[in-house]
Amino acid sequence: MKTKYWLVKSEPFKYSWEKFNEDGRTFWDGVRNYQARNNLKEMREGDLVLFYHSNEGKNVVGIAKVVKEFYQDPTTDDTNWVVVDLVPFESLKNPVTLEQIKAEESLKDISLVRQGRLSVMPLKAAEFDKILQMGS
DNA sequence: GCCAACGTTGGC
DNA sequence: GCCAACGTTGGC
């Protein structure tokens, strides 16, 4: 099975990377957008997910790993919405800012830049690697 | 705090 | 099924 790469956004105020590391595991809830939902459903166990802080920080701070594929969002009865389980995998030594990403030619097409409001998006392996490289 | 972008809703 | 109005997100 081929590993896929993703990026998710969270407002640190709501759920930060630090909190995620304290918890050790979380289900990714609160997605109320079909496109983001469809991306969640595409995630497979073992896929790697960049964790981006929106609003405050505006940087990629770490990598999470998918440990459980999508299931009904436990915070709602609406069967439209799903969550996946994530665990922290690795922190980036140097968080990569949105500014750096925008300035990087090879990253100018990623959804984070092109479609600012999307909260769960796929990344190409090359894009994922590039961001890791910038963060190490 | 403002506003642009864009997804969603609802009237026709 | 179109499209205007509205709500939400997120960068600045």
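What counts, and at which threshold
- Residues numbered from 1 in each chain as written.
- Chains lettered and ligands numbered in written order.
- Predicted model: local features only at pLDDT ≥ 70, side-chain atom pairs only at ≥ 80, totals over all residues.
- Heavy atoms only, no water.
- Near = heavy atom within 4 Å.
- Polar contact = N/O pair within 3.5 Å; in protein donor to acceptor, adjacent residues only side chain to side chain.
- Pairing = 2+ DSSP bridges.
- Helix = DSSP H or I, 4+ residues; strand = E, 2+ residues; numbered from the N terminus.
- Buried < 20%, exposed > 50% of the residue type's maximum accessible area, 1.4 Å probe, protein only.
- Arc of directions from axis to C-beta.
- Nonpolar A, V, L, I, M, F, W, Y, C, P; charged D, E, K, R; others polar.

**Re the protein's contact with DNA strand B**
Part 1 of the reasoning: Close to DNA strand B lie Asn33, Tyr34, Arg114, Gln115 and Arg117, which account for all nearby residues.
Part 2 of the reasoning: Arg117 is positioned such that a nitrogen or oxygen atom in its side chain is 2.5 Å from a base oxygen of DNA strand B.

**Concerning the sheet that holds strand E5 (residues 82–97)**
The pairing of strands in a sheet happens through backbone hydrogen bonds and is either parallel or antiparallel.
Part 1 of the reasoning: Spatially, E2-E5-E4-E3-E1-E6 is the arrangement adopted by the 6 strands of the open sheet, whose pairing is mixed. The open sheet terminates on both sides in strands that have one partner only, identified here as strand E2 (26–27) and strand E6 (120–123).
Part 2 of the reasoning: Pairing geometry for strand E1 (residues 5–10) and E6, over 4 bridges, is antiparallel. Counted as the bridge partner of Tyr5 is Leu123 from E6.

**Observations regarding the pairing of E5**
Part 1 of the reasoning: With 2 bridges connecting them, E2 and E5 associate as antiparallel partners. Its bridge partner lying in E5, Phe27 is registered against Asp85.
Part 2 of the reasoning: Bridge count between strand E4 (residues 59–72) and E5: 10 bridges; the pairing is antiparallel. Each bridged residue has a counterpart across the sheet, and for Lys65 the counterpart in E5 is Val87.

**Details of helix H5 (residues 125–135)**
Quick reminder: α-helices carry 3.6 residues per turn. Residues three or four places apart thus point the same way.
Part 1 of the reasoning: Those residues of H5 not exposed but buried are Glu127, Phe128, Ile131, Met134 and Gly135. Along the long axis of H5, the arc covered by the buried residues comes to 130°, so they all point the same way. In H5, the exposed positions that point more than 90 degrees away from the buried face belong to Ala126 and Gln133.

**Some words on the protein's contact with DNA strand C**
Part 1 of the reasoning: Inspection of the region around DNA strand C gives Lys9, Tyr52, Asn55, Lys58, Leu98, Lys102, Gly116 and Arg117 as its neighbouring residues.
Part 2 of the reasoning: A share of 75% is what sugar and phosphate atoms reach among the atoms of DNA strand C within 4 Å of the protein.
Part 3 of the reasoning: Within the side chain of Arg117, one N or O atom sits 3.0 Å away from a base oxygen of DNA strand C.
Part 4 of the reasoning: Tallied by class, the residues present in the surface near DNA strand C amount to 2 nonpolar, 2 polar and 4 charged.

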